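Report on the structure
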Amino acid sequence: GRLGRHYEALQILYIDCQSLDLALAYCDSRHHQQQLGNNKPAIAVTANTNSNDDTNDDDGCAYLPLIKVALQTDPDPTQSSAIQVLAMRSNAIDRAAALRLLPKSVPVSAVARPFLIPALVDSESEIRRLTVTAALMRAKFLNLQQKLTNAQLKAYST
């Protein structure tokens, strides 16, 4: 992980240790570091760079490399741990990028209930929350504008 080789770290945790929990804990830690703005590796690695898209895990989402590893190792993508990861961490995953990772053979029904429907509900809730916030900010702006106008009128009258 410290060397920036997150894909390989996840392969060890998920495949060799056979632990989705350890792999998720690693991704959670990496996601937390990204949220704090400390997502730069401690040691710059220039050797062993691979332009293969399957191992390029510097795509901003800590969970996408785990989804790649799970999809590559699980025999049935519809029962894959990748779908579990999508469901468990849907609020932290780049949803569009995650859907692009899924093979075309995965039916929409396999990801609809655990991932797509909750993602749509969350997005709708976020839209409503932002709409309310925008209305409150507009009201605050109008209130401040009214106070400024009153203060200007008072200043001119004296």
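Just above sits the structure.
Structure report, in brief.

The rules behind these values
Residues numbered from 1 in each chain as written. Predicted model: local features only at pLDDT ≥ 70, side-chain atom pairs only at ≥ 80, totals over all residues. Heavy atoms only, no water. Salt bridge = Lys/Arg side-chain N within 4 Å of Asp/Glu carboxyl O. Helix = DSSP H or I, 4+ residues; strand = E, 2+ residues; numbered from the N terminus. Buried < 20%, exposed > 50% of the residue type's maximum accessible area, 1.4 Å probe, protein only. Core = buried A, V, L, I, M, F, W, Y, C linked by side-chain atoms within 4.5 Å. Contact = heavy atoms within 4.5 Å. Axes fitted to C-alpha atoms, helices over the stretch in contact; angles between N-to-C directions. Parallel < 35°, antiparallel > 145°, perpendicular 65-115°, else oblique. Left-handed = near helix turned anticlockwise from the far one by under 90°. Nonpolar A, V, L, I, M, F, W, Y, C, P; charged D, E, K, R; others polar. Arc of directions from axis to C-beta.

1. As for the pattern of salt bridges
All chains considered together, the criterion is met by four salt bridges. Glu 124 is the partner of Arg 128 in a salt bridge, and the nearest nitrogen-oxygen pair spans 3.9 Å. Here Arg 128 and its partner Glu 124 are both found in helix α6 (residues 108-157), four residues apart, which amounts to about one turn of the helix. You can call Arg 128 exposed: its relative accessible area is 54%. Since its relative accessible area comes to 36%, Glu 124 is described here as partly exposed.

2. A short note on the nonpolar core
By size, the foremost hydrophobic cluster in this structure holds 32 residues, and its most contacted members are Tyr 63, Leu 66, Ile 67, Val 85 and Ile 93. If you tally residues by element for this core, the top one is helix α3 (residues 64-73), at six residues. Discounting residues that sit within four places of it in the chain, Leu 66 has contacts with Leu 10, Tyr 14, Leu 20, Ala 23, Leu 24, Cys 27 and Val 85.

3. Here we look at the packing of α3 against helix α4 (residues 81-88)
With their axes 7 Å apart at the nearest point, α3 and α4 run at an angle of 155° to one another. One element, α3, and the other, α4, form an angle in the roughly antiparallel class. Where α3 approaches α4, its residues Leu 66, Ile 67, Ala 70 and Leu 71 are matched on the opposing element by Ser 81, Ala 82, Val 85 and Leu 86.

4. Considerations on the packing of helix α1 (residues 6-16) against α3
Close contact between α1 and α3 brings their axes to 9 Å; oriented N to C, the two are set at 50°. One finds that α1 runs oblique with respect to α3. Seen from above, α1 lies across α3 with right-handed handedness. For the pair α1 and α3, contact is made by Tyr 7, Leu 10, Gln 11, Tyr 14 and Ile 15 and by Pro 65, Leu 66, Lys 68, Val 69, Ala 70, Gln 72 and Thr 73, respectively. Broken down by class, the residue content of the contact of α1 with α3 amounts to eight nonpolar, three polar and one charged.

5. A word on the environment of Val 85
Looking at where Val 85 falls in the secondary structure, it is placed in helix α4. For the pair Val 85 and Leu 20, spaced 65 residues apart in the sequence, the C-alpha separation amounts to 8.8 Å.

6. As for α1
Of all the residues in α1, the buried ones are His 6, Tyr 7, Ala 9, Leu 10, Leu 13 and Tyr 14. Buried residues of α1, seen end-on, are gathered within an arc of 160° and therefore sit on one face of the element. With its phi angle positive at about 50°, Gln 18 sits one or two positions after the end of α1.

7. Description of unusual backbone geometry
In this model, Gln 18 sits at a positive phi of 50°, which is unusual for a non-glycine residue. Turning to its location among the elements, Gln 18 is positioned in the loop between α1 and α2 (20-36). For Gln 18, a relative accessible area of 68% puts it in the exposed group.

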